[in-house]
Amino acid sequence: MPEGTSASTPLEESTTDSTWAVLVAAGAGERLGIDRPKAFAALRGRPLLAESLDRLDRCPWVDAIVVAAPPGWEEPAILLSEELAAGKVVSCVTGGTTRAESVRNALADVGDEALVVLVHDAARPLLSDDVVERVLAPLAEGYDGVVPALSVPDTLKRVEGDRVLETVSRDGLVSVQTPQGFLASALRRAFAGDLTDPTDCASLVEQGGGRVVVVEGDPRLLKVTTPADLALVESLLTTPG
Ligand code: CTP
Ligand code: MG
């Protein structure tokens, strides 16, 4: 090794169990409108949650997983991880009334040894190792948070009811996805404070002065919100990515 070059960054020095994933699956899924929480909607014959859980468990960059389950659905979530033989799942916590509360509940079970925490929506089943790798890279360079993002293809307008107020420039606007990655210390700090209506985890880290960057997202990482989204994800699952 050349003189003056350090052997590795602090993150690369980490041994096992340093990258934890928080998988938030505790939402009611009101807009999907089925008889059970969205995480347990059927996707190609298994619960929606199974897809992202399986992918995180197989992801070589992820060491341990904490799942936030809907109240009353902790047992089915544990049984599902056993059925999948998802050995990285260390705990399943009860989610809160907001997504941020679910993240906070899960974060409480993330081990002290964690250097990095990925937070992922179970509602985005088509997770790939590539996007995880892209999200993790800037954390080794000293950033506090990383968000996968896509450019906004459509023209944007601000409306009031059905009346158009103005056309909004797309310049500098992106839409963001999960998994979002954070230095564990930065995420814990962000969640130690007030959780009033943050739209995502990164916004809390940003508010606390953390340095957050975007990386290229993945169009396949779309979020299941409505029945049409579920049908679309189902069809994408059969299409090689
Ligand atoms: N989530 C959560 N706890 C909550 C609310 C949401 O863990 N109290 C999770 C959802 O399970 C989902 C992700 O956050 O994986 C994104 O939320 P969203 O798509 O809004 O899901 P729901 O809140 O379940 O859906 P809806 O808003 O239609 O009720
Ligand atoms: Mg919601």
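Residues numbered from 1 in each chain as written. Chains lettered and ligands numbered in written order. Predicted model: local features only at pLDDT ≥ 70, side-chain atom pairs only at ≥ 80, totals over all residues. Heavy atoms only, no water.

1. A short note on the environment of A149
Here comes step 1: As for its placement among the helices and strands, A149 is situated in strand β7 (residues 145–151).
Here comes step 2: Classification of A149 as buried rests on a relative accessible area of 6%.
Here comes step 3: A sequence separation of 28 residues divides A149 from Q177, and the C-alpha atoms of the two residues are 5.9 Å apart. (Helix = DSSP H or I, 4+ residues; strand = E, 2+ residues; numbered from the N terminus. Buried < 20%, exposed > 50% of the residue type's maximum accessible area, 1.4 Å probe, protein only.)

2. Describing the site of ligand 1
Here comes step 1: The local shell around ligand 1 holds 18 residues, among which V24, G29, E30, S102 and K223 are the closest.
Here comes step 2: A distance of 2.7 Å is found between an oxygen atom of ligand 1 and a side-chain nitrogen or oxygen belonging to K223.
Here comes step 3: For ligand 1, whose free accessible area comes to 560 Å², the fraction covered by protein is 86%. (Near = heavy atom within 4 Å. Polar contact = N/O pair within 3.5 Å; in protein donor to acceptor, adjacent residues only side chain to side chain. Areas by Shrake-Rupley, 256 points an atom, 1.4 Å probe, with all protein chains shown as cover.)

3. What to know about the packing of helix α4 (residues 99–107) against helix α6 (residues 184–192)
Here comes step 1: In contact at an axis separation of 11 Å, α4 and α6 are set at 125 degrees when each is read in the N-to-C sense. Accordingly, the angle class assigned to the pair α4 and α6 is oblique. Judged by the twist between their axes, the crossing of α4 over α6 is left-handed. Facing A100, V103, R104 and L107 of α4, the residues of α6 in contact are L187, R188 and F191. (Axes fitted to C-alpha atoms, helices over the stretch in contact; angles between N-to-C directions. Parallel < 35°, antiparallel > 145°, perpendicular 65-115°, else oblique. Left-handed = near helix turned anticlockwise from the far one by under 90°. Contact = heavy atoms within 4.5 Å.)

4. Considerations on the nonpolar core
Here comes step 1: In this structure, L49, L56, V62, I65 and L118 are the most contacted members of the largest nonpolar core, which totals 32 residues.
Here comes step 2: Elements represented by at least two residues in this core include exactly β1 (19–24), α2 (48–58), β4 (64–69), α3 (74–83), β6 (116–121) and α5 (129–136).
Here comes step 3: Setting aside chain neighbours within four positions, we find V62 in contact with T19, A21, L56, K88 and L118.
Here comes step 4: Listed in part, the 27 residues of the second largest apolar core include W20, L107, L195 and C201. (Core = buried A, V, L, I, M, F, W, Y, C linked by side-chain atoms within 4.5 Å.)

5. Concerning the side chain of Q177
Here comes step 1: Relative to the helices and strands, Q177 is located in the loop between β10 (174–176) and β11 (180–183).
Here comes step 2: Within the structure, the side chain of Q177 is placed 2.8 Å from the backbone oxygen of D218, a separation counted as a polar contact.
Here comes step 3: Setting aside anything within four residues of it in sequence, one finds Q177 in contact with R124, V147, P148, L150, G217, D218 and L221.

6. As for the pattern of salt bridges
Here comes step 1: Under the definition given, this model contains eight salt bridges.
Here comes step 2: With its nearest N and O atoms 3.3 Å apart, the salt bridge here joins D54 to R46.
Here comes step 3: On the basis of relative accessibility, which here comes to 26%, the residue R46 falls in the partly exposed class.
Here comes step 4: Across the pair R124 and D121 runs a salt bridge whose closest N-O atoms are separated by 3.3 Å. The same class applies to R124 and to D121, which are both buried.
Here comes step 5: Because the salt bridges share partners, they merge into one network encompassing R46, E51, D54, R55 and R58. (Salt bridge = Lys/Arg side-chain N within 4 Å of Asp/Glu carboxyl O.)

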